[in-house]
Amino acid sequence: MKIGVLKGDGIGPELVEATLFVLDACKVGLEWVDIPIANEALVKYNHPIPQESLATIRELKVAIKGPISVDKMKGRITCVHKDGSAHTYPSFNNAIRRELGLFVCPRPSKGIPGISDPLHETMDLIIMREITEDAYSAIEHRIGNVAAECVKLCTREAVERVTRYSFDYARKNKRKKVTCVHKANAISITDGFFLECFRDVAKTYPDIESDDYFVDAATYYFVKRPEMFDVIVTTNQYGDILSDLGAALMGSLGLGPGGNIGTEAAVFEACHGSAPDIAGKGIANPTSLILSGVMMLRHIGVYEMADRIEKAVRETLISGVRTPDIGGTSGTMEFARNVVSRLG
Ligand code: ATP
């Protein structure tokens, strides 16, 4: 099967190299197709997200992506389509997600003995972040030098879609509960509507438990009592923040995997940025992208190998082979080689 590869920048190319090294060792018949994006695409197509690259991702349906340097790509980005229509997005990653119709970003937070703090060693939850709307809809403007305002968009279609995805995921993966995280006490109309749509969908899944928490309370319990959560479904902004917290509670941003899923395509990527401070040094933690690769394997139905890689990654970490972000001295590729040596 052909899989798109978007190397990204900063530590992106190093993480991609380590991840493809592990996936290649599995011999499950994956063929990599390089797709230019960001700086590489600017040189070739004079646009950081060329329509040509998007078309290749749509055709392949699945891609793995390194992080992008948001500093260089910051601010709004406009994509012009073949038919002349154009759409402006608030950021680079938001543009890729929405151009491809990706609507949910699943981000697991799973504790690792000896690395996560004792309270989070057994943590095992997944955050389903809605990624098409909320305050990231690029509907904002300044009012001269006195104010600025932003529309926090929430549609029934988007909330029901991400909620159904979360309940279906819970059913398929034998998860017991789906929790909606919102702030309906303060943003009563918009987040109140998110909660209402969540509850409407929850009623149609009587076999799965459901509940909800205000985002501030959820953040507190995420730190103090992570076992309260199983599957969390939430808005774009709360999900963005909570998933970085999840990676921190695992032990490092370099441990947090993720995916961006739509009906037509899926792009798997780590939950962190391009870490320019350590780029090119060969010390970035590739766990985040290797585990994103594991999510990708499950997405394409390669379950047994996905389980084996995940087990090998956890064994490697627990054995003490660790990159500097989690107190070790291993390099990126040394870590990847160690994972491969444990695949059996
Ligand atoms: P960007 O501008 O691309 O968002 P950033 O440095 O602002 O980059 P992150 O890339 O998310 O944000 O990095 C935050 C911190 O976490 C940095 O100190 C970085 O070195 C560290 N970090 C992120 N990812 C990893 C990783 N895979 N391995 C080791 N450290 C990481």
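All residue numbers here refer to positions counted from 1 along the written sequence of the relevant chain. Only residues with pLDDT of at least 70 get local features here, since the model is predicted, and only at 80 or more are side-chain atom pairs given and counted; chain-wide, interface and lining totals rely on the full set of residues. For side-chain calculations, the full set of non-hydrogen atoms in the structure is used, while hydrogens and water are omitted.

### Considerations on the overall build of the chain
And step 1. The helix and strand inventory of the chain stands at 11 helices and 14 strands.
And step 2. Atoms counted for the radius of gyration: C-alpha only. Globule rule: 2.2 Å times the number of residues to the power 0.38. In terms of overall dimensions, the chain is globule-like: its C-alpha atoms have a radius of gyration of 20 Å, near the 20 Å expected for 344 residues.
And step 3. Expressed as lengths along the three principal axes of its C-alpha atoms, the size of the chain is roughly 55 × 50 × 40 Å.
And step 4. Between buried and exposed lies partly exposed: a residue is buried under 20% and exposed over 50% of the maximum accessible area for its type, with that area taken using a 1.4 Å probe on protein chains only. A burial count over the chain gives 53% of its 344 residues as buried.
And step 5. Here, residues are in contact when the closest pair of their heavy atoms is within 4.5 Å. Put simply, of all contacts in the chain between residues at least 6 apart along the chain, 72% involve residues at least 24 apart.
And step 6. Note on areas: these come from Shrake-Rupley sampling with a 1.4 Å probe, and a residue is covered only by the protein chains present in the view. Of the roughly 14900 Å² of accessible surface on the chain, a fraction of 54% belongs to carbon and sulfur atoms. Here a helix means four or more residues in a row that DSSP labels H or I, a strand means two or more in a row labelled E, and each is numbered from the N terminus.

### Overview of unusual backbone geometry
And step 1. In this structure, Lys27 takes a positive phi of about 50° despite not being glycine.
And step 2. Note on placement: Lys27 falls in the loop between α1 (12–25) and β2 (31–34).
And step 3. Of the residues examined, Lys27 reaches a relative accessible area of 72% and is grouped as exposed.

### Let's talk about the pairing of strand β11 (residues 209–214)
And step 1. Across 6 bridges, the pairing between strand β10 (residues 177–182) and β11 is parallel. Counted as the bridge partner of Cys180 is Asp212 from β11.
And step 2. The crossover handedness rule: strands pointing away from the viewer, path from first strand over the helix to second strand clockwise, crossover right-handed. Chirality of the crossover, the property in question, places the unit of β10, helix α6 (residues 190–202) and β11 among those that are right-handed. Two strands are said to pair when DSSP picks up at least two bridges between them.

### Side note on the pairing of strand β8 (residues 140–143)
And step 1. Two strands pair when backbone bridges link them, and β8 and strand β9 (residues 147–150) are joined in this way by 4 bridges, in the antiparallel orientation. Along β9, the bridge assignment pairs His141 with Glu149.
And step 2. Count of turn residues in the β8/β9 antiparallel hairpin: 3 residues, of which Gly144 carries a positive phi of about 55°.

### A word on the pattern of salt bridges
And step 1. What counts as a salt bridge is simple: a side-chain nitrogen of Lys or Arg found within 4 Å of a carboxyl oxygen of Asp or Glu. Throughout the structure, instances matching the rule amount to 22 salt bridges.
And step 2. Where Arg156 meets Glu160, a salt bridge forms, and the shortest distance between an N and an O atom there is 2.8 Å. Of the two residues, Arg156 and Glu160 are both situated in helix α5 (residues 156–172); the distance of 4 residues between them amounts to about one turn of the helix.
And step 3. The salt bridge involving Glu315 is made with Lys311; its shortest N-O contact spans 3.2 Å. With Glu315 and Lys311 both in helix α10 (residues 303–319) and 4 residues apart, this pair spans about one turn of that helix.
And step 4. Since its relative accessible area comes to 53%, Lys311 is described here as exposed.
And step 5. The network of salt bridges with shared partners includes Arg156, Glu160, Arg164, Glu196, Asp200 and Lys203.

### Here we look at the domain arrangement of the chain
And step 1. Where a domain begins and ends is set by an automatic assignment or by a domain database. By the assigned domains, the chain splits into domain 1 (1–112 + 252–344) and domain 2 (116–250).
And step 2. The C-alpha-based centres of domain 1 and domain 2 are spaced at 23 Å.
And step 3. Listed by partner, the interface residues are 26 residues for domain 1 and 31 residues for domain 2.
And step 4. By buried area we mean how much accessible surface two parts lose on assembly, using a 1.4 Å probe and totalling the loss over both. It is Phe103, Arg107 and Ser109 in domain 1 that bury the most area against domain 2; as a group they hold 29% of the surface buried on that side.
And step 5. We define a polar contact as two N or O atoms separated by no more than 3.5 Å, with the added condition that, inside protein, one atom must be a possible hydrogen donor and the other a possible acceptor, whereas residues neighbouring each other in sequence contribute only through side-chain atom pairs. Remark: the boundary between domain 1 and domain 2 carries 13 residue pairs in polar contact (both at pLDDT 80 or more).
And step 6. Mapped by element, the contributors of at least two residues to the side of domain 1 that touches domain 2 are β5 (86–89), α4 (92–99), β6 (102–110) and β13 (259–262).

### Considering the environment of Asp307
And step 1. Mapped onto the elements, Asp307 comes out in helix α10.
And step 2. Taking C-alpha positions, Asp307 is 7.6 Å from Val294, a pair spaced 13 residues apart along the chain.
And step 3. Polar contacts involving the side chain of Asp307 include one to the side chain of Arg298, which spans 2.8 Å.

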